[in-house]
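# Architecture at a glance
As a plain string of letters, each chain reads:
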There are 2 protein chains.
Amino acid sequence: MPVNAIADYSTYPLISPLLQARLQPEGIEVTWGDQRRSPFHYLWLRDNCPCSACVYSVTREQVFEVADVPIDLTAQHTDVDEQGALRVVWQDGHESRFDPGWLRAHAYDAASRAERRAARPRQQRWTAGFELPLFEYQAVMEDEQALLDWLLALRDAGLTQVRGVPTEPGSLSHLARKIAFIRESNFGVLFNVQSKADADSNAYTAFNLPLHTDLPTRELQPGLQFLHCLINDASGGDSLFVDGFAVAEALRQEAPQAYRLLCEVPVEFRNKDRRSDYRCEAPVIARDAWDEVTEIRLANFLRGPFNTEPDVMLPFYRAYRRFIEMTRETRFQFRQRLEAGQLWCFDNRRILHARDAFDPASGARHFQGCYVDRDELLSRIRVLQR
Amino acid sequence: MPVNAIADYSTYPLISPLLQARLQPEGIEVTWGDQRRSPFHYLWLRDNCPCSACVYSVTREQVFEVADVPIDLTAQHTDVDEQGALRVVWQDGHESRFDPGWLRAHAYDAASRAERRAARPRQQRWTAGFELPLFEYQAVMEDEQALLDWLLALRDAGLTQVRGVPTEPGSLSHLARKIAFIRESNFGVLFNVQSKADADSNAYTAFNLPLHTDLPTRELQPGLQFLHCLINDASGGDSLFVDGFAVAEALRQEAPQAYRLLCEVPVEFRNKDRRSDYRCEAPVIARDAWDEVTEIRLANFLRGPFNTEPDVMLPFYRAYRRFIEMTRETRFQFRQRLEAGQLWCFDNRRILHARDAFDPASGARHFQGCYVDRDELLSRIRVLQR
């Protein structure tokens, strides 16, 4: 008797049984085995009715629309049925049944909401001394558990290395597609990081690149970046990483006003060449509704002129410079040279990456890269965890 | 003498000549021919030095980093040179020259900032009686001015139709690629909108679809949606469009509190099937830093259970239902049946779209669709306007 046919393919274990359900003026209050009480408004319950008339069972998408019932809808009757489900008989005779596991997982009393918030995955912020999570190409390609472990490390630590990757050009795409399709950009589906005479980005020179995120010039910066080393015989060109969330937190502690400015003042980033002209204006630090940092947007070489009130300009320069200075402090840095057959995969919206200048005359250096979005990473994790 | 070598490939006409430049404690104040005065901080000017030591001329990207000069940097000397450029000689002997057209375009005194804000492109909101901007496939494919006209209509009116499109499957991609690469999703690069027995979305049934945006389940909803009619011999299935920004504005006027709730309370949207599980939590109405609406996120059939404090639940349902009710009012609606060889292209983050139920037994109906992001649209417009 799976009554949660509204089904998001997840399963909802029975945390605590439903003891009682009572009609109230605006909804139904249920009492759980652990004595928690959860109110559910009539509209909320009617809206979430999982029956096959309300949810199309093939797509598992709702066909019922809550705008089609009276706003003051009430129920005739409610009870906890023999299988422990919440049963509701509506004014118009329609009946709904709710699986108690599903109901508990979606209850919106303060305790239930706080519990869900607390159960969210936690990012592990890191500084120098970071223990790099290492994965083997063959295992990740063949074993779903190894794949999941890798993806969880990407989600939570943000920086990973995969070893044993074939060094044929294009091999990277097989690995990326274990997550999902690749996000294309004007630089291609796969991009080649090599020193080029007609470079359309400083990335395609032999210059050092300061710590940055890729494509801050797009409304949505790519979520994951892959960098696959095919050959690295040139001297120099070490990779450098910093956890941007750790730096943001350190700045918040040290200089809350500077942190606030980086959260609030939009900065324009620009990518332009003969065929394209991308611009995006957004703050360096983005936060979610709970004030937690969700994104760093930074690439000094792609930045446009600051455009803020004259009174804010100097404090803003101080804040921006301080953030850059902190990223340069070794206490935050993880440094390693990437060798042929190895690959970086990291959260491009969190982990700043840089490379030292290299000497193209000293030997060949060829990396390939690509992007996959955060939505795809999280979707793949959810499916693997079903 | 192009001194704006920091070059973003734009040109900056001389609006008003530079008359005078004076050293001040924190920067340089310039006076323009029209008597406007603009302060520029030393750090801002040094940061934007366009010389070939500071900006790599091949990529036109900065190699200089503002974190590498003293925070209290000052200039030895400034003047307006014979060509009318602002010249600055720094403490350390470095020299910068700024084109007066570029400098005026980036001045950050209050008047200059207000002027730039006012010059932004304005969206033309529409209601019933909308005059649909029509374009011819052949013209858009061959003539850059016709292409630009179409793209400006997409940016400003949000809904367009293109006629004379070949009805071979896949033809759509030629048109989309006049803008840029296509944004892939789990539904493919091109998706086929047909009634399917094993539908993984209500879009792939013969049901009516209520007014919605596509992929509200992704952090970044696709910017442009294309829907190309290959054959439409089935009865029913008319297309319906509403300008979501016009509805949001009407709601703001009618019920400011309801509007505020839709701007602030995050709603979860879900797309799930056997291979994927996308979720995104975001408000129905998104606004920019100036409180202007930038996005609507709405698809009743992809919505998860509301999850907000019990006190907010009923007011939120009222606001959500009122928004849905307004989208159903004919005063906002534009309705038209799409015929073979015709194509809708619209701003998916602004224009809600719907289709009536159709009868698959009455004849064939086959649409193809794809997505292109807003970044790509705006980049293409900028390049065409250079």
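We now turn to the structure provided with this report.

Calculation criteria
Residues numbered from 1 in each chain as written. Chains lettered and ligands numbered in written order. Predicted model: local features only at pLDDT ≥ 70, side-chain atom pairs only at ≥ 80, totals over all residues. Heavy atoms only, no water. Pairing = 2+ DSSP bridges. Helix = DSSP H or I, 4+ residues; strand = E, 2+ residues; numbered from the N terminus. Axes fitted to C-alpha atoms, helices over the stretch in contact; angles between N-to-C directions. Contact = heavy atoms within 4.5 Å. Phe/Tyr/Trp six-rings, centres within 6.5 Å; stacked < 30°, edge-to-face > 60°. Buried < 20%, exposed > 50% of the residue type's maximum accessible area, 1.4 Å probe, protein only. Lys NZ or Arg CZ within 6 Å of the ring centre and 35° of its normal. Buried area = accessible area lost by both parts, 1.4 Å probe. Salt bridge = Lys/Arg side-chain N within 4 Å of Asp/Glu carboxyl O. Polar contact = N/O pair within 3.5 Å; in protein donor to acceptor, adjacent residues only side chain to side chain.

## Some thoughts on the sheet that holds strand 22 (residues 351–355) of chain B
Residues and elements named next belong to chain B.
- The four strands lie next to each other as 12-22-15-20, forming an open sheet whose pairing is antiparallel. Pairing within the sheet leaves two strands with one partner each, and these edge strands are strand 12 (209–212) and strand 20 (333–336). Between one strand axis and the next, the sheet turns by 15° as a mean value, whatever way the strands run.
- In this sheet, strand 22 lies alongside strand 12 in antiparallel orientation, the contact comprising two bridges. Within strand 22, the residue paired with histidine 212 across the bridge is histidine 353.
- Of the strands in this sheet, strand 15 (239–243) and strand 22 are in contact with helix 7 (residues 244–254), which crosses strand 15 at around 50°.

## A few points about the packing of aromatic side chains
- Summed over all chains, the structure comprises 34 aromatic pairs over all chains.
- Between phenylalanine 40 of chain A and tyrosine 108 of chain A, the aromatic rings sit 5.8 Å apart at their centres with planes inclined by 90°, giving edge-to-face as the arrangement. Of the two residues, phenylalanine 40 of chain A sits in strand 3 (residues 37–41) while tyrosine 108 of chain A sits in the loop between helix 2 (100–105) and helix 3 (110–118), which places them 68 residues apart along the sequence. We note that phenylalanine 40 of chain A, like tyrosine 108 of chain A, is buried.
- Arranged with centres 4.2 Å apart and planes meeting at 20°, the rings of tryptophan 126 of chain A and phenylalanine 130 of chain A form a pair that is stacked.
- One aromatic cluster in this structure is built from Trp126, Phe130, Phe241, Phe334, Trp344 and Phe346 of chain A.
- Positioned over the ring face of phenylalanine 358 of chain A is arginine 365 of chain A, at 4.7 Å from the centre of the ring.
- For arginine 120 of chain B, the ring lying beneath its charged end belongs to tryptophan 290 of chain B, and the centroid distance is 4.7 Å.

## Concerning the interface of chain B and chain A
- Facing the 91 residues of chain B at the interface are 91 residues of chain A.
- For the pair chain B and chain A, the two sides together bury roughly 7900 Å², of which 48% comes from carbon and sulfur.
- It is Glu61, Lys272 and Arg321 of chain B in chain B that bury the most area against chain A; as a group they hold 9% of the surface buried on that side.
- Scanning the region where chain B abuts chain A turns up 14 salt bridges.
- The residue arginine 113 of chain B makes a salt bridge to glutamate 309 of chain A at a minimum N-O spacing of 3.0 Å.
- The interface formed by chain B and chain A contains 50 residue pairs in polar contact (both at pLDDT 80 or more).
- Only strand 3 (37–41), helix 1 (42–47), strand 5 (61–62), helix 3 (110–118), strand 16 (267–272), strand 17 (277–282), helix 9 (310–327) and helix 10 (374–385) of chain B provide two or more residues apiece to the side of chain B that touches chain A.

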